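Below are the chains, spelled out letter by letter.
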Amino acid sequence: MLFASGAAALAHQTLWTRRLVDLLGAGPETFSRVIGAFFVGLALGAAWAAWRPAAPGRAWRRVVKAEGFVAVAALVPLLVVETLTQPGAPVWATGGVARLLWPLVLIGPPAFALGMVFPAVAGVIPAARRVAGVPRLYAWNTVGGLFGVALVFFVGLPGFGPMTTGLVACGTNLLVAAVAMGCQRGIRPGSDARDAAWRMEGANLREGSGGSPGWSLRAFWSGFAVLALEVAVQHQVTQVTINSHFSAAGVLAFVLAGLALGSFLVGYGRITLGQAIVGAALMCFVQPLVFLAMQPGLRSIPYEWAPLAYFGRLGVLGGVAVVPLFVGVGLLFPWLLRAAAGAGSAEGAAPAPSVVARLLAWNGLGGWLGAEVAQGLLMPGFGLWTTVAVIGLGYAVLGVPGWVRAGWAGEGVVGRRPGWGLGLLVAAAVAAVGGFTVGSRLPQVSPEPGDRLVKVAVGREGVVATVQGGPEDWRIVFNNTYTLGGSLAVGNQERQALIPLLLHARAERVALLGLATGSTAAGAARVPGVQRIEAFELSPLVAGMARDHFGPWNRDVLDDARLTLTLGDARIAVGRTAGGYDGVVGDLFLPWRTGEGRLYSREHFQAVRRSLRPGGLFCQWLPLFQLTRPQFETIARTFHEVFPGAFLVRGDFYAELPIVGIAAFADGRGVEGLDWSAIEEACASLREGVQGTRDALMRHPEGLAMCLLGPLPPPPPGPVNTLANAWLEWDAGRNVVGLRSPWFVGVPWAEYARDVHRAAMPRMPETFRGAHDAGQFFLTLEVAAVVGGPVFENLRAQVADRLPEALQRDAEVDWSRWPGRVKPGSRER
């Protein structure tokens, strides 16, 4: 029963977290509020069970009521979010007060009911079996949680969506309630000498009954440390893996597996309090060294490996560097449950169910606070490795009073001789000093050979670093695996704003979804007529590094009076602005990264359309080098459903690393509605202004014509990406490991672009058809450059003839910024 109850509970918690992030945004505070509401609800439910313990004859009735209530209440968050994420939902639903209240209102009640289940079940275990039975049932409850998480992440959400998965979880709650309803009031007592010995051990504890502050403190610390360590380990693993939902689920599985094994050791073994505390402390001190021994220098696991090899390596890493850590820290709380059951069995002691419930309440409260403190204080202050040592030191300090009392009394806490306790205390102290010393010197990122690490910062969002590869080569690296942008790509990043805003030609108020190094914002600031720029960035650390280190390349745009920087989820922020923008530009978002698929969802595109003025333009950039053709077509299909007049633009001519924008006007105009005279005026103003660009493509309307591909072809039938189905995120997360389907680049992309280009040619003004044709020529040239041979040489000889005359005559052009490997006027490749 507790296995099934645990599976349903963690399934619900996973679903609630995902759906409330859909509603409230992917900011770190949303995750903490949702998890906090869950743990506080569990703690309050357990506290109620401690205050009003169920009599043995009514315990099963409480289980029936609690599980039945969860089966009904667990659907409320899913239904509410499904309603409030549809078009036309009230803006207040994601406002400041709502962001605080929704997690408590939607998650608090079912979590409260879940918190009453375990104490009630503990109350029906006969006294003769209670000491061993309570920690064993706690272990099975944890294993159930592991099973529930695995089913939701790997089967439920990708295959059936949140609503169906939630119904299955609710059905599991009803099944538990039905079994509880049919259970007998009593369980045949057993006689086991070990159980009796453990019961006496609990009854004779010097701290008295389970209501003592010492027990409560240890239960609180156990919850605090476990959740804090889970935060730290999640950050560690994201430095060496693909940051997808599947990786996050894998880490959670390792954590639950370790906690379950620790509980089984307590339930089936003879673990003492001292062993539990010392084991936890020592595992904390050695874990960073073990992790880095497995992944020297934080070397990433190559995602190009076959899935079996990749996940096999991740499994070995988790099995060696994560699971043992949580086995160690997972000993203390089950030991407390075992001892509490024994103390409750003693004559005159508090009833065991009441003591167990009280410990669960303190443990849940500690878990909530541990996650918050780790995210907000420990990780930013101590980093990936020293944080773990700090928690290990906390375990060592927790054991000092017991060791001191044992020494004075001539008894042993760990073994039969008190000297063992003193020796282990000294060992823990030495390990603590070593942990701090070594932890501060361990790498938190793995820069490329020759790179200089300028700054590293750890926050709720992960590890962000600024690295320098040369005098003019500065980059922002996120979680050791992804470059957010760099100084060498300034031209490409500025072009992401310049192309759509110049095509609009009259934009005054602009929104930028994503800041990174700030170069795209700098491009928007250069466009004539732009009076207000609102940039949205999820990571405060990224924004700080853009300001502190990239001013020479982003033209100190963060000090521009026209720019307003908002830290938070751009998807939610844009949705609150109705009819306010002339232009909205979406940065490149990797579809497999946790949560970023939401920025390609139908609901997000609908919110952006509502935020545009009647003549406003939206452009969402796509990294084709991280998308398969079916994934590209799903984004196109979703976009086309919201913006029927969509068209495609290109940000460069690269064949292997192309970026492409899907753009559309809010009023439905297509490429025929482009005002080329206004575009020509905007290019002239940009060319002649104080901050005039030297980008050949942006200085002349002919360059814009080269970047214009044409109307988005009607996509073939297939799925539409929504917040509920998260199709893109799941498909991309599966495909990125092993690259089972190739990226949409090279010849397949060039052929698709050719067809779009041909369909657009009759719609182009006569004066710009030659320039439009030149755009496709340079993509063909890039494909030939990859292949080489006579075809490439023949095409390269035509460059001077195919390049528009306006660009050739322009003496101010910096040809080194040409977005292709073949630069006009040069034979360099």
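As a reminder, the structure under discussion sits directly above these lines.
Notes on the structure follow. (Residues numbered from 1 in each chain as written. Predicted model: local features only at pLDDT ≥ 70, side-chain atom pairs only at ≥ 80, totals over all residues. Heavy atoms only, no water.)

## A few points about the packing of helix α17 (residues 490–504) against helix α24 (residues 676–688)
Applicable threshold: The convention used is that axes are lines fitted to C-alpha atoms, helices contributing only their stretch in contact, and that angles between N-to-C directions extend from 0 to 180 degrees. Starting at the N terminus, helices and strands are each numbered in turn, a helix being any DSSP run of H or I of at least four residues and a strand any DSSP run of E of at least two. Angle categories are assigned with fixed cut-offs, so that under 35 degrees is roughly parallel, over 145 is roughly antiparallel, 65 to 115 is roughly perpendicular, and the rest are oblique. We call two residues in contact when some of their heavy atoms are within 4.5 Å. When residues are grouped by polarity, Ala, Val, Leu, Ile, Met, Phe, Trp, Tyr, Cys and Pro land in nonpolar, Asp, Glu, Lys and Arg in charged, and all others, Gly among them, in polar.
Contact geometry for α17 and α24: axes closest at 7 Å, N-to-C directions at 130 degrees. Relative to α24, the element α17 lies oblique. Facing L498, L502 and L503 of α17, the residues of α24 in contact are I679, A682, C683 and L686. For the contact of α17 with α24, the per-class residue count stands at seven nonpolar, no polar and no charged.

## Brief notes about the nonpolar core
What counts is decided by this rule: We define the nonpolar core as a collection of buried residues of types Ala, Val, Leu, Ile, Met, Phe, Trp, Tyr and Cys that are connected through side-chain atoms lying within 4.5 Å of one another. For the exposure calls, accessible area comes from a 1.4 Å probe over protein chains only, and a residue counts as buried if that area is under 20% of its type's maximum, exposed if over 50%, partly exposed in between.
Core analysis: the largest hydrophobic core is formed by 184 residues, its most contacted members being W102, F326 and Y395. Counting residues per element, this core draws most heavily on helix α15 (residues 352–409), which supplies 16 residues. With sequence-adjacent residues up to four places away left out, F326 is seen in contact with V226, L229, E230, V233, V255, G258 and L259. By size, the runner-up hydrophobic cluster in this structure holds 69 residues, among which are L498, L502, V557 and M698.

## Things to note about the packing of aromatic side chains
What describes a pair of aromatic rings is the distance from one ring centre to the other and the angle between the planes of the rings. Under the convention used in this document: Note on ring pairs: Phe, Tyr and Trp rings are taken, using the six-membered ring of Trp, and paired if centres are within 6.5 Å. Classes follow the plane angle, with under 30 degrees stacked, over 60 edge-to-face and the rest tilted.
Considering all chains together, one arrives at 36 aromatic pairs under this definition. On the basis of an interplanar angle of 75 degrees and a centroid distance of 5.3 Å, the ring pair of W48 and W51 is categorised as edge-to-face. Placement of both W48 and W51 in helix α2 (residues 28–51) is noted, with a separation of three residues, approximately one turn of the helix. Given the relative accessible area of 32%, W48 is considered partly exposed. Look at W51 and you get exposed, because its relative accessible area is 63%. Seen in terms of ring centroids, F639 and F643 are 4.9 Å apart; in terms of plane orientation they differ by 25 degrees. Their pairing is stacked.

## Section: a nonpolar patch on the surface
Defined as follows: For patch detection, residues must exceed 30% relative accessible area and be free of salt bridges, and they are connected within 9 Å for like charges or within 5 Å for nonpolar side chains (Val, Leu, Ile, Met, Phe, Trp, Tyr). For the accessible areas, the method is Shrake-Rupley and the probe is 1.4 Å, while residue cover comes only from the protein chains on display. A pairing counts as a salt bridge when a side-chain nitrogen of Lys or Arg comes within 4 Å of a carboxyl oxygen of Asp or Glu.
The grouping of F3, W140, F147, L151, F154, V155, F160 and Y268 at the surface amounts to a nonpolar patch, some 790 Å² of accessible area in total. Here the element with the most residues in the nonpolar patch is helix α7 (residues 127–182); it accounts for six residues. Residue classification places F3 among the partly exposed residues on the basis of a relative accessible area of 31%.

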